Amino acid sequence: MYSDIPAVIALPLAALLGLVIGSFINVVVARLPGMLMLQWRAEAREALALPEESGASALPRINLVTPRSRCPQCGTPIAWHDNIPVLGYLKRRGRCAHCHQPISVQYPLIELAGGAMVLAVVAINGFDAASLLLSAACLILLTLALIDLRTQLLPDILTLPLLWLGLLYQLAFQPWMLESAVIGAVAGYLVLWCFYWLFKLVTGKEGMGYGDFKLLAALGAWTGWEMLPLLLILSAGVGAVVGIVVQLAIPRLRGMPLPFGPFLAMAGWITLLFGGYLMGIYQAIMLF
Ligand SMILES: [Zn+2]
């Protein structure tokens, strides 16, 4: 099951890989929305034949590599040994080495989430190429969920590769699923597109965004069309419960639209990891 790598090596290796990628996800979540905004502004100015932005009005140039990670409070670059996933945070007791202001616990939590995800995939499916691709899907879902929570965006640059990766995964590792995956991608997009227009015609409001359609299309490619009802039941069910709890607990969030992406991502993780078992239970209930 673990190909040639014994579990005693495969599992810690998986957790370590997830922690390191989780650390990178922190950077992507913090920077990608700003990078996209910069790109959209430049494209809009070009379309309007306006001169390029310069001076004080221009946003600072950032990408995923530069500048190096900095303290959000004082701007001091973080030394590599303080930037080691989770350990760096514990070593400095959650404070900046320079200004001693607290650093958000969100950073080590996301690193731990990344580690837990890759560990879960490898523990269930073994350590092989298929598991690495599956882990990539789980980590892209984590990134999308966090970006949607922060900015209400599900960038194409993440949802579309997730879809292609899903088709590639089926082609390489379970070609008998390819037909179901292609139908799943198309139907996943269409079903939310229909919901969107129905909701808009009835209420005049936009219930979700095109990013949600693309995300469900990607999940359909990964799981096959048979899982779409389960994905929708899980995401809408959890979304409704969380929505009600959040609005009761935090009055200022009442009436605020709740992003749907994190719930789709959550349903995606559950289905990617335990889809086989769930489908068995689901079919048993339907037959009953
Ligand atoms: Zn600082």
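What you see is a predicted model; the values in this text were computed from it and never measured.

Along the protein chain, the regular secondary structure elements total nine helices and zero strands. Secondary structure of the protein chain in N-to-C order comes out as α-α-α-α-α-α-α-α-α. In the protein chain, which comprises 288 residues, the proportion classed as buried is 38%. Of the roughly 16,300 Å² of accessible surface on the protein chain, 71% is carried by carbon and sulfur atoms. Of the charged side chains in the protein chain, 16 are positive and 14 negative, and the gap between their average positions amounts to 16 Å.

Right, let's talk about the coordination of the zinc ion for a bit. On the protein side, the zinc ion has Cys71 (SG), Cys74 (SG), Cys96 (SG) and Cys99 (SG) as donor atoms, found 2.3 Å from it. Sequence spacing of the donor residues for the zinc ion, all on one chain, is C-x2-C-x21-C-x2-C. Here cysteine 96 lies in the loop between α2 (87-91) and α3 (106-125) and cysteine 71 lies in the loop between α1 (7-47) and α2, a separation of 25 residues in the sequence. There is no split in this pair, since cysteine 71 and cysteine 96 are both buried.

A word on the domain arrangement of the protein chain. Assigned domains of the protein chain: these are domain 1 (1-127) and domain 2 (172-288). Taking only C-alpha atoms, the centre of domain 1 and the centre of domain 2 are 27 Å apart.

Here the focus is a nonpolar patch on the surface. On the surface, a nonpolar cluster with roughly 530 Å² of combined accessible area is contributed by Val182, Val186, Leu190, Trp193, Trp197 and Tyr210. Per element, the largest residue contribution to the nonpolar patch is five residues, and it comes from helix α6 (residues 178-203). Judged by relative accessible area, which is 36%, tyrosine 210 ranks as partly exposed.

Turning next to the UniProt feature "transmembrane region" (unreviewed entry) in the protein chain. Feature annotation in UniProt places "transmembrane region" (unreviewed entry) on residues 6-29, 116-147, 153-173, 180-199, 228-250 and 262-285, given in this structure's numbering. Between the end C-alpha atoms of residues 6-29 there is a gap of 34 Å, over a span that is 96% helix and 0% strand.

A few words now on the side chain of serine 180. Mapping serine 180 onto the fold places it in helix α6. There is a polar contact of 2.6 Å between the side chain of serine 180 and the side chain of glutamate 226.

Turning next to the pattern of salt bridges. Scanning the model with the defined rule gives four salt bridges in all. Ionic pairing is found between lysine 214 and aspartate 156, a salt bridge with its closest N-O pair at 2.6 Å. Taken together, the residues lysine 214 in helix α7 (residues 210-223) and aspartate 156 in helix α5 (residues 156-173) connect sequence positions 58 residues apart. The partner of lysine 200 in a salt bridge is glutamate 206, with the nearest N and O atoms 3.1 Å apart. Relative accessible area serves as the criterion here: at 26%, lysine 200 is assigned to the partly exposed category. Residue classification places glutamate 206 among the exposed residues on the basis of a relative accessible area of 53%. When salt bridges with common partners are traced through the structure, they connect Asp82, Lys91 and Arg92 into a single cluster.

Time to look at the side chain of serine 135. Looking at where serine 135 falls in the secondary structure, it is placed in helix α4 (residues 129-151). Residue classification places serine 135 among the buried positions, given a relative accessible area of 4%. If sequence neighbours within four positions are ignored, serine 135 has contacts with Val118 and Val121.

This part covers helix α8 (residues 228-249). Between the first and last C-alpha of α8 there are 31 Å, a value that for 22 residues agrees with the 32 Å anticipated at 1.5 Å per step. Of the residues making up α8, those classed as buried are Leu228, Leu230, Leu231, Leu232, Ser235, Gly239 and Gly243.

Parameters at a glance
Residues numbered from 1 in each chain as written. Predicted model: local features only at pLDDT ≥ 70, side-chain atom pairs only at ≥ 80, totals over all residues. Heavy atoms only, no water. Helix = DSSP H or I, 4+ residues; strand = E, 2+ residues; numbered from the N terminus. Buried < 20%, exposed > 50% of the residue type's maximum accessible area, 1.4 Å probe, protein only. Areas by Shrake-Rupley, 256 points an atom, 1.4 Å probe, with all protein chains shown as cover. Lys, Arg positive; Asp, Glu negative; His and termini not counted. Charge placed at Lys NZ, Arg CZ, Asp CG, Glu CD. Donors = N, O, S within 2.8 Å, 3.2 Å for Na, K, Ca; no water. Domains from an automatic or database assignment. Patch = residues over 30% accessible without salt bridge, like charges linked within 9 Å, V, L, I, M, F, W, Y side chains within 5 Å. Salt bridge = Lys/Arg side-chain N within 4 Å of Asp/Glu carboxyl O. UniProt positions renumbered as here; feature names shortened; annotations may be inferred. Polar contact = N/O pair within 3.5 Å; in protein donor to acceptor, adjacent residues only side chain to side chain. Contact = heavy atoms within 4.5 Å. Expected span 1.5 Å × (residues − 1).

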